[in-house]
Amino acid sequence: MSCDPHAGRLLSVLAAAIPPGGRILELGTGVGLGLAWIVAGLDERADVAVHSVEMDTAAAGVSATADWPAWVTLHVGDALQLLPTLGQFDLIFADAQGGKTEGLDLTLAALAPGGQLLVDDMFEQPDNPVHRAVWPAIQAVRQRLLGDPSLMVAELDYGTGMVLCTRRSSALGTRPPA
Ligand SMILES: C[S@@+](CC[C@H](N)C(=O)[O-])C[C@H]1O[C@@H](n2cnc3c(N)ncnc32)[C@H](O)[C@@H]1O
């Protein structure tokens with residue numbers, strides 16, 4: 001269930017671009033692989049806060065054994081309940097059912113102006129019964145993101161298929177074309 005190296009490397013790239021004092025959220029820590037890629041992208045920075053949410057206590061227990069920097073906070077709980085309490089973020093990796101195929105609006109509400117949202121596993125996986133079961137919901141995620149005028153959206157033919165979005169700031173959203 002961990003993210004593939006393509007998603008991981010992209011997470012590192014996006015994390016490295018986080019503005020000073022920025023905030024990052026991962027939904028679905030799993031055993032911590034995606035989080036490790038985020039931390040690697042931040043290198044020795046200590047001005048960024050990284051939050052990661054996992055509701056499976058066994059997976060959360062594994063990720064908690066790693067020696068994370070002090071600016072990483074691991075939350076054990078349901079993303080749908082925690083999302084409204086965590087504030088806004090400059091980068092969100094929505095990699096859990098909660099906050100992606102369920103409650104995507106809660107995730108979008110947590111995306112700061114100029115913030116970026118990454119979702120992976122957006123290509124159909126006909127040989128994967130788990131992914132097949134959620135495929136209609138994945139298509140709905142794609143439609144929801146592509147149809148949101150407050151987002152700039154790119155579909156990336158990369159790894160497991162990604163959608164990368166940036167929340168327009170109001171100034172950008174209203175600026176007429178040059
Ligand atoms: C694809 S795995 C995450 C992999 C991880 N992001 C990585 O890159 O290594 C999805 C995880 O989301 C968790 N999850 C699913 N629904 C959740 C929810 N509503 N709240 C929190 N975690 C959830 C699952 O328990 C699972 O560990």
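A few points on the structure. What you see is a predicted model, and the numbers here were worked out from it, not measured in a lab.

1. So, the overall build of the chain
Then step 1. Regarding its fold elements, the chain presents seven helices and seven strands.
Then step 2. Each helix and strand of the chain, placed in order from N terminus to C terminus, yields the pattern α-β-α-β-α-β-α-β-α-β-α-β-β-α.
Then step 3. Overall, the C-alpha framework of the chain stretches about 50 × 40 × 30 Å when taken along its three principal axes.
Then step 4. When contacts within the chain are restricted to residue pairs at least 6 apart in sequence, those whose partners lie at least 24 apart make up 65%.
Then step 5. Element-wise, carbon and sulfur atoms account for 59% of the exposed surface of the chain, whose accessible area totals about 8900 Å².
Then step 6. Here the chain carries 10 positive and 20 negative side-chain charges, and the mean point of each set is 10 Å from the other.

2. Quick look at the nonpolar core
Then step 1. Counting residues in hydrophobic clusters, the biggest one holds 23 residues, and the most contacted among them are Leu25, Leu27, Ile92, Leu117 and Leu145.
Then step 2. Of all the elements in the fold, those that place two or more residues in this core are strand 1 (23-27), strand 4 (89-94), helix 5 (104-109), strand 5 (111-119), helix 6 (129-146) and strand 7 (162-167).
Then step 3. For this core, the leading source of residues is helix 6, giving four residues.
Then step 4. Leaving out residues up to four positions away in the same chain, Leu117 has contacts with Ile92, Ala94, Thr107, Leu108, Leu111, Leu145, Val163, Leu164 and Cys165.
Then step 5. Formed by 22 residues, the second largest nonpolar core is a distinct cluster that contains Leu11, Ile24, Met162 and Leu164.

3. Here's the deal with the pattern of salt bridges
Then step 1. According to the stated counting rule, one finds four salt bridges in the structure shown.
Then step 2. With a closest N to O distance of 2.9 Å, Asp105 and Arg144 form a salt bridge. Pair noted here: Asp105 is in helix 5 and Arg144 is in helix 6, with a separation of 39 residues, a long-range link.
Then step 3. A salt bridge links Arg142 to Glu155, with the shortest nitrogen-to-oxygen separation between them at 2.5 Å. Highlighted residues: Arg142 in helix 6 and Glu155 in strand 6 (residues 151-156), separated in sequence by 13 residues.
Then step 4. Connected through shared salt-bridge partners, Asp105, Arg144 and Asp148 make up one network.

About the thresholds
- Residues numbered from 1 in each chain as written.
- Predicted model: local features only at pLDDT ≥ 70, side-chain atom pairs only at ≥ 80, totals over all residues.
- Heavy atoms only, no water.
- Helix = DSSP H or I, 4+ residues; strand = E, 2+ residues; numbered from the N terminus.
- Contact = heavy atoms within 4.5 Å.
- Areas by Shrake-Rupley, 256 points an atom, 1.4 Å probe, with all protein chains shown as cover.
- Lys, Arg positive; Asp, Glu negative; His and termini not counted.
- Charge placed at Lys NZ, Arg CZ, Asp CG, Glu CD.
- Core = buried A, V, L, I, M, F, W, Y, C linked by side-chain atoms within 4.5 Å.
- Buried < 20%, exposed > 50% of the residue type's maximum accessible area, 1.4 Å probe, protein only.
- Salt bridge = Lys/Arg side-chain N within 4 Å of Asp/Glu carboxyl O.

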